[in-house]
Amino acid sequence: MTVKPLSIAVIGAGIGGLTAALALRRAGFEVAVYEQAPELTEVGGGINMAPNATRVLRSFGLTAGLDREGVRPATTHQRRWQDGRTLQRAPLNPLCEELYGAPHMTLHRADLLAVIASAFPAEHIHLGHRLVALADKGDGVEAWFENGARITADVLVGADGIHSAVRTALFGEEAPRFTGCVAYRGLVPAERITDLGLEIGSQSWVGPGAHLVHYFVSRGHLLNFVGWTEHDEWNREDWTDRATIARALAAFEGWHPQIRQIIAAADTCFIWALFDREPLLRWSVGRTTLLGDACHPMHPFMGQGAAMAIEDGAALAACLLAVADPAEALSRYERLRLPRVTRLQQMSRANKTRFHLPDGPEQEARDAEWARAGDRSPDALRWLYEFDPAALEPVSA
Ligand SMILES: Cc1cc2nc3c(=O)[nH]c(=O)nc-3n(C[C@H](O)[C@H](O)[C@H](O)COP(=O)(O)OP(=O)(O)OC[C@H]3O[C@@H](n4cnc5c(N)ncnc54)[C@H](O)[C@@H]3O)c2cc1C
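Residues numbered from 1 in each chain as written. Predicted model: local features only at pLDDT ≥ 70, side-chain atom pairs only at ≥ 80, totals over all residues. Heavy atoms only, no water.

K.L.:
Tell me about the site of the ligand, residues and numbers included.
P.N.:
Around the ligand, the surrounding shell holds 32 residues, and the nearest of these are G16, E35, N48, R109 and D293. Note that a nitrogen atom of the ligand is positioned 3.1 Å from one of the backbone N or O atoms of G303. In this structure, A306 approaches the ligand through a main-chain N or O atom, which is 3.0 Å from an oxygen atom. Here the ligand has 1000 Å² of accessible area as a free molecule, and 87% of this is covered by the chains. Of all the elements in the fold, those that place two or more residues in the shell around the ligand are helix 1 (15–26), strand 3 (46–49) and helix 10 (305–322). Here the shell around the ligand is built from residues that sort into 13 nonpolar, twelve polar and seven charged. (Near = heavy atom within 4 Å. Polar contact = N/O pair within 3.5 Å; in protein donor to acceptor, adjacent residues only side chain to side chain. Areas by Shrake-Rupley, 256 points an atom, 1.4 Å probe, with all protein chains shown as cover. Helix = DSSP H or I, 4+ residues; strand = E, 2+ residues; numbered from the N terminus. Nonpolar A, V, L, I, M, F, W, Y, C, P; charged D, E, K, R; others polar.)

K.L.:
Just give me the short version of helix 2 (residues 51–59), but keep the residues and values in it.
P.N.:
When you tally the buried positions in helix 2, you get seven out of nine residues, the bulk of the element. Buried residues of helix 2: P51, N52, A53, T54, V56, L57 and R58, and no others. Positive backbone phi, approximately 85 degrees, marks G61, located one or two places after helix 2. (Buried < 20%, exposed > 50% of the residue type's maximum accessible area, 1.4 Å probe, protein only.)

K.L.:
Hey, could you go over the pairing of strand 5 (residues 86–91) for me, with residue numbers and the actual values?
P.N.:
Across a regular strand the side chains alternate sides, sitting on one face of the sheet and then on the other. Bridge count for strand 4 (residues 75–80) against strand 5 is five bridges, and the pairing is antiparallel. For T76, the partnering residue across the bridge sits in strand 5 and is A90. (Pairing = 2+ DSSP bridges.)

K.L.:
Describe the sheet that holds strand 5, listing the residues and the values that go with them.
P.N.:
Strand order in the open sheet formed by seven strands is 5-4-13-14-15-12-16, and the pairing between neighbours is mixed. Sheet topology places strand 5 and strand 16 (269–276) at the edges, where each strand pairs with a single neighbour. Geometrically, the sheet is characterised by an average inter-axis angle of 15 degrees between neighbouring strands, direction not taken into account. Across the sheet, helix 11 (residues 326–355) touches strand 12 (177–189), strand 13 (202–207), strand 14 (210–217), strand 15 (222–230) and strand 16, and the angle it forms with strand 12 is around 75 degrees. Packing against the sheet, helix 12 (residues 361–373) makes contact with strand 4, strand 5 and strand 13, and its axis sits at approximately 25 degrees to strand 5. (Axes fitted to C-alpha atoms, helices over the stretch in contact; angles between N-to-C directions. Contact = heavy atoms within 4.5 Å.)

K.L.:
Lay out the environment of A317 with the relevant residues and their values.
P.N.:
Relative to the elements of secondary structure, A317 occurs in helix 10. By relative accessible area, A317 is classed as buried at 7%. Excluding residues that lie within four positions of it along the chain, A317 makes contacts with A23, L24, A27 and F29.

As structure tokens, then:
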């Protein structure tokens, strides 16, 4: 007698939801994805995919797509805001592949999403489906959508981002908190900045109350930049008119000429306010669980938010394969994942302070520490990059 595979509904088709859908389908489950937007989209420009994430994606057969769309930065380079002095510099590629069996890559988000989506059957992605309610019936979960559709699945996974409706349904209403950080983001055609002679690498400039990161995406045709600044309040209406190149330049007044040239070379830039939540103590109730930003949004200052969502998908599939009872499998998944993502949430948050120190003794101590320890070097991040999310035994984060 053949056993019918579990049916799994994934809510949200972002990087986390689609990767989980792929992982679950490859594990033999019947998967359907429900996305509120009328089409698959990713806002923003670039994204770093560290080796812990690219290794998972490659294991799902996405190597060719990643190689086609992605860039392999040779180095990561931390610099001082005003004079450009090197604070740390470390090789990334090919070292990451040698150490961890997968490269560090930088990609345009839309390209990454398209690569992941290309491996999952489009007919199982239901666009224009905004989840509004759900109910655990004990032997399955029912979900309702704004368009009137209603579904039942054996397991429901909320991969619906920081404003997750699934999280609210499970744990109640709780507004995300403004972190005090606002980013100016832009993309610059590479041919406009050839005179800078930038190597194919990632640079991160730190200064008082701000930092700016840039790296190449889109097969090297575009340079992505994200410049973070600190502000007390966020009011969307007040800020919408501030997303101009002139505003971004004003925010980085006095910074190194390379930074100012990069910002000035963009046609447009847009503003992104960063929100946060406290770590949750649990993610699952019965046959419903959460994944990615829905349960562990983090400051992007370790470049690991999407990577953790990708790992979640691999871990979830492994747990549902290994444990027959769905609710038990979800508890196991959450127990495996919580220590690691909570650690990264805390480290990412602490980096805001570390990166934004005003010039003075603390900043000098940080710079000396960076020069000595090289904490961005891939061999110093073994605990992060070597991790196998599909291993079912808890390891020390
Ligand atoms: C500036 C910036 C830079 C970053 N850089 C990096 C980086 O370099 N590396 C890295 O790993 N991470 C990075 N991150 C973090 C990363 O972007 C996020 O952690 C990741 O995109 C989260 O993916 P997700 O799929 O969990 O959520 P989301 O991307 O938010 O996707 C959620 C999806 O659910 C849908 N949805 C929402 N509500 C509903 C509903 N009710 N019904 C149906 N669908 C719904 C949404 O439309 C969306 O498609 C960065 C973040 C920021 C802000």
